[in-house]
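Given next are the chains, with one letter for each unit.
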Amino acid sequence: MKIYISADIEGIGTIVRQEQSSTDGREYRWARKIMTAEVNAAIRGAFDGGATEVVVSDSHNVGLNLIPEELDPRAFLIMGSPRPLSMMEGIQSGFDAVFLVGYHAKAGTADSDLIHIFNRRIAEVRVNGIGIGEIGISAGLAGYFGAPVALVTGDDHAVAEAAALLPGIEAVEVKKAIGAYAARCPHPEKSRALIYAGAKRALTRRGAWPLFKMGPPVELVMRFTTSSAVDRVMRMPGNERLDGVSVRFAARDFLEAFKAFNTMADLIELVAYI
Ligand SMILES: [Zn+2]
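Reference entry: report on the structure contained in this document. (Residues numbered from 1 in each chain as written. Predicted model: local features only at pLDDT ≥ 70, side-chain atom pairs only at ≥ 80, totals over all residues. Heavy atoms only, no water.)

## A closer look at the sheet that holds strand S5 (residues 122–127)
Okay, step 1: Taken in spatial order, the 5 strands line up as S6-S5-S10-S12-S11 in an open sheet, and their pairing is antiparallel. Each edge of the sheet is formed by a strand with only one pairing partner; in this case those strands are strand S6 (130–131) and strand S11 (239–243).
Okay, step 2: Across 2 bridges, the pairing between S5 and S6 is antiparallel. Pairing of Arg 126 across the sheet is with Gly 131, part of S6. (Pairing = 2+ DSSP bridges. Helix = DSSP H or I, 4+ residues; strand = E, 2+ residues; numbered from the N terminus.)

In structure tokens:
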């Protein structure tokens with residue numbers, strides 16, 4: 001049984017502010033260790049639950065967060081960037097199940113830690129009318145390549161978002177958010193124990209793993225925080241401006257929609273913040 005783990009940092013237990021999640025933050029070195037330890041808990045749970053191969057994607061920032069020599073030596077690590085499928089690079093080769101570890105709720109969620117969708121200039125992403133964040137984007141790519149999501153870990157809102165989008169999923173809450181930059185956290189060892197148990201249990205519930213299939217075709221609507229973002233993304237063939245801050249892109253399938261989304265996410269970082 002092949003398991004793919006995509007690991008982000010904002011939904012890791014005891015990580016609540018950018019001093020921890022930003023690569024130049026004063027707590028970032030420590031955050032790397034905490035993130036690696038939670039991913040290790042998921043890897044151990046996967047192998048004890050019957051996995052024969054585990055591939056981990058380091059999916060935060062430029063993919064240089066997990067500490068390779070501290071990672072469970074049985075796992076392979078996908079690191080660095082850019083890469084074609086970003087947070088889900090490697091899923092193309094086919095997996096039995098996917099774990100999303102350390103994931104966060106979508107932009108705009110109330111009282112949820114470190115919310116965003118790829119960068120802080122994307123306010124909303126809608127796919128065939130359904131608002132999704134990074135959980136939905138990664139689940140959609142997994143679904144496109146035939147892999148169901150078995151486990152999501154994150155704060156209480158990330159877990160609720162995942163359960164609504166992917167009914168039947170194993171969800172592990174590692175903190176209760178108090179606001180965008182605060183949370184009530186159990187000790188890291190408790191979070192790791194919960195993730196280990198959740199990962200192992202998830203693999204015993206094979207029939208319950210939801211395959212998140214969107215389209216084809218797929219209509220992608222993106223709303224940005226600034227109109228200058230739309231000025232920039234209108235360079236892309238096929239984009240239609242809906243209003244001051246929104247565009248629509250008609251995609252053949254989810255993979256094409258993701259490529260358009262990912263291109264726009266990069267383009268909008270190149271314009272002035274107006
Ligand atoms: Zn993220």
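## A few points about the coordination of the zinc ion
Okay, step 1: Protein coordination at the zinc ion: the donors are Asp 8 (OD), His 104 (NE2), His 116 (NE2) and Glu 134 (OE), at 2.1 to 2.7 Å from the metal.
Okay, step 2: Coordination at the zinc ion is irregular, judged from the 4 donor atoms that bind it and the angles of 84 to 155° they form at the metal.
Okay, step 3: Here the donor residues of the zinc ion are spaced in sequence according to D-x95-H-x11-H-x17-E. Here Asp 8, found in the loop between strand S1 (2–7) and helix H1 (18–21), pairs with His 116, found in the loop between strand S4 (97–103) and S5; they are 108 residues apart in sequence, far enough to count as distant. The exposure classification of Asp 8 matches that of His 116, with both residues buried. (Donors = N, O, S within 2.8 Å, 3.2 Å for Na, K, Ca; no water. Tetrahedral: all angles 85-135°; square planar, octahedral: opposite > 155°, others 65-115°. Buried < 20%, exposed > 50% of the residue type's maximum accessible area, 1.4 Å probe, protein only.)

## Quick word on the sheet that holds S4
Okay, step 1: The strand order across the open sheet formed by 7 strands is S3-S2-S1-S4-S7-S8-S9, and the pairing between neighbours is mixed. Strands at the two margins of the open sheet, each flanked by one partner only, are strand S3 (76–78) and strand S9 (182–184). Put simply, the sheet's adjacent strands are angled 25° from each other on average, direction ignored.
Okay, step 2: Its contacts with the sheet put helix H3 (residues 134–144) on S4 and strand S7 (149–155), and the angle it makes with S4 is roughly 165°. (Axes fitted to C-alpha atoms, helices over the stretch in contact; angles between N-to-C directions. Contact = heavy atoms within 4.5 Å.)

## Quick word on helix H2 (residues 28–48)
Working note: α-helix, 3.6 residues per turn, so residues spaced by three or four point in the same direction.
Okay, step 1: Under the 1.5 Å per step criterion, the end-to-end length of H2 is 30 Å for 21 residues, consistent within 8% with the ideal 30 Å.
Okay, step 2: With respect to burial, H2 is a largely interior element, 15 of its 21 residues being buried.
Okay, step 3: Where H2 ends, the next residue or the one after it, Gly 50, has phi of about 115°, a positive value. (Expected span 1.5 Å × (residues − 1).)

## Let's talk about the pairing of S4
Okay, step 1: The element S4 is largely enclosed, with a buried count of 7 among its 7 residues.
Okay, step 2: Across 5 bridges, S1 lies against S4 in parallel orientation. Bridge assignment links Tyr 4 to a residue of S4, and that residue is Val 98.
Okay, step 3: Across 4 bridges, the pairing between S4 and S7 is parallel.

## As for the nonpolar core
Okay, step 1: With 52 residues, the main nonpolar core has Met 88, Val 98, Ile 122, Leu 220, Phe 224, Phe 261 and Met 264 as its most contacted residues.
Okay, step 2: The element that contributes the greatest number of residues to this core is helix H7 (residues 254–267), accounting for 9 residues.
Okay, step 3: Both domains that meet at this core, namely domain 1 (2–118 + 134–208) and domain 2 (218–270), each give it at least three residues.
Okay, step 4: In this structure Phe 224 touches Arg 121, Ile 122, Ala 123, Ala 229, Val 230, Val 233, Val 245, Val 247, Met 264 and Ile 268, once residues within four positions along its chain are discounted. (Core = buried A, V, L, I, M, F, W, Y, C linked by side-chain atoms within 4.5 Å. Domains from an automatic or database assignment.)

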